[in-house]
Amino acid sequence: MNNQRRDALKAGGGLGVFGLLAAAGLIKPEMALAAWNKSAFDAKSMDAALAAIGAGKPADSADIQITAPDIAENGAVVPVGVVSNLPKTEYVAIMIEKNPSMLAASFEIPEGTMADVQTRVKMGQTSDVFAVVKADGKFYVAKKEVKVTLGGCGG
Amino acid sequence: MASPMRIRAASKDGVTEVRVLMSHPMETGQRKDSSGNPIPAHHITELSAKHNDKVVLSAQFGPSVSTNPYLAFKFKGGASGDKLVVSWVDNKGESRTDEVQVS
């Protein structure tokens, strides 16, 4: 009986240590994925998010088109498309200014792939949607406001 | 194991259009369950698409991407019968790879 109890304690203790380490951030599944830009996805302001992807202060560009609804009735599924007409576009990021995690998705566009991506994002509230594009080594940005009417009552 | 992705890849006039619908909860970590406990974040972090072993798109996703993420993109080249492979990894280390033939 005593031995069994000891084993159970050991097993429990082991789990506890792992849990503590995980809570302290020492063991995280993301560690296996070094490429995932955690600081950019965790950024709490547009400036911080832009800095984390190395964009600094991107210049406005009319050559980036954002396809998104003017009014999104359902903030859980907002279709967003980005087309960049800038030559040598190599990177596209979609940011939603008023979301808790601003950076929604980023895409690396190898040569031969068109700078034309579409996805769907969540939006907590009416916000500007930014498309940050890296083309020929420089960053550019465009934005579009999307109004979110979660209750479906307009606004 | 997550459900298979639905992938469509269609080649037309030298351009292949790819559309992917993944099956994933994309939990943000912001929500709480009915008893008020936070639901841990669980979302896809990385995705890549390969056409005949050449990477045609790689992406990083954050929790702001919708549940069951949708992705569409286009690349030059690709012919009917070519192999297109899409794989993703999430923040819990789960992964999924599916392949289709370009039509």
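Look above for the structure.
The structure reproduced in this document is the subject of the present report. Every value quoted in this text rests on a predicted model; they were computed, and no experiment measured them.

A few words now on the interface of chain A and chain B. Counting residues at the interface gives 32 residues for chain A and 34 residues for chain B. Roughly 2700 Å² of surface becomes buried between chain A and chain B when both sides are summed, with 52% attributable to carbon and sulfur atoms. Inspection of the chain A/chain B interface yields one salt bridge. Across the salt bridge formed by Lys74 of chain B and Asp116 of chain A, the nearest N and O atoms sit 3.1 Å from each other. Contributions of two or more residues to the side of chain A that touches chain B are made by strand S6 (103-108) and strand S7 (113-121) of chain A.

On to the pattern of salt bridges. Tallied over the full model, the rule gives nine salt bridges over all chains. Lys144 of chain A is the partner of Asp70 of chain A in a salt bridge, and the nearest nitrogen-oxygen pair spans 2.6 Å. Remark: Lys144 of chain A occurs in strand S9 (residues 138-148) and Asp70 of chain A occurs in the loop between strand S2 (64-67) and strand S3 (71-72); sequence separation between them is 74 residues. The class for Asp70 of chain A is exposed, based on a relative accessible area of 52%. The class for Lys144 of chain A is buried, based on a relative accessible area of 18%. Arg96 of chain B is the salt-bridge partner of Asp98 of chain B, the closest N and O atoms lying 2.9 Å from each other. Residue class for Asp98 of chain B comes out buried when judged on its relative accessible area of 13%.

For the rest of this paragraph, the subject is the packing of aromatic side chains. As enumerated under the stated definition, the model contains four aromatic pairs over all chains in all. Aromatic pair Trp36 of chain A and Phe41 of chain A: ring centres 4.7 Å apart, planes at 10°, arrangement stacked. An identical accessibility class is assigned to Trp36 of chain A and Phe41 of chain A; each is buried. Sitting over the face of the ring of Tyr70 of chain B, Arg120 of chain A holds its NZ or CZ atom 4.4 Å from the ring centroid.

In this section: unusual backbone geometry. Residue and element names in this part refer to chain B. Of note, the phi angle at Asp13 is positive, near 50°, even though the residue is not glycine. Secondary-structure assignment places Asp13 in the loop between strand S1 (6-12) and strand S2 (15-21). Unusually for a residue other than glycine, Asp53 sits at a positive phi of about 70°.

Here Thr28 of chain B shows up in the loop between S2 and strand S3 (44-51). Each C-alpha atom, one on Thr28 of chain B and one on Ser66 of chain B, is 9.6 Å from the other, the two residues being 38 residues apart in sequence. Beyond its immediate chain neighbours, meaning those up to four positions away, Thr28 of chain B contacts Lys122 of chain A together with Ala41 and Pro63 of chain B. In terms of polar contacts, Thr28 of chain B uses its side chain to reach the backbone amide nitrogen of Gln30 of chain B, at 3.0 Å.

Below, the discussion takes up the sheet that holds S2 of chain A. Taking strand neighbours across the sheet as the criterion, the six strands line up as S2(A)-S4(A)-S7(A)-S5(B)-S2(B)-S1(B) in an open arrangement whose pairing is antiparallel. The sheet is open, and its two borders are formed by S2 of chain A together with S1 of chain B, each paired with just one other strand. Going from strand to strand, the sheet's axes swing by 15° on average, the running direction of each strand aside. With six bridges joining them, strand S4 (residues 78-84) of chain A and S7 of chain A adopt antiparallel strand pairing. Paired with Val80 of chain A across the bridge in S7 of chain A is Thr119 of chain A.

Rules of the game
- Residues numbered from 1 in each chain as written.
- Chains lettered and ligands numbered in written order.
- Predicted model: local features only at pLDDT ≥ 70, side-chain atom pairs only at ≥ 80, totals over all residues.
- Heavy atoms only, no water.
- Contact = heavy atoms within 4.5 Å.
- Buried area = accessible area lost by both parts, 1.4 Å probe.
- Salt bridge = Lys/Arg side-chain N within 4 Å of Asp/Glu carboxyl O.
- Helix = DSSP H or I, 4+ residues; strand = E, 2+ residues; numbered from the N terminus.
- Buried < 20%, exposed > 50% of the residue type's maximum accessible area, 1.4 Å probe, protein only.
- Phe/Tyr/Trp six-rings, centres within 6.5 Å; stacked < 30°, edge-to-face > 60°.
- Lys NZ or Arg CZ within 6 Å of the ring centre and 35° of its normal.
- Polar contact = N/O pair within 3.5 Å; in protein donor to acceptor, adjacent residues only side chain to side chain.
- Pairing = 2+ DSSP bridges.
- Axes fitted to C-alpha atoms, helices over the stretch in contact; angles between N-to-C directions.

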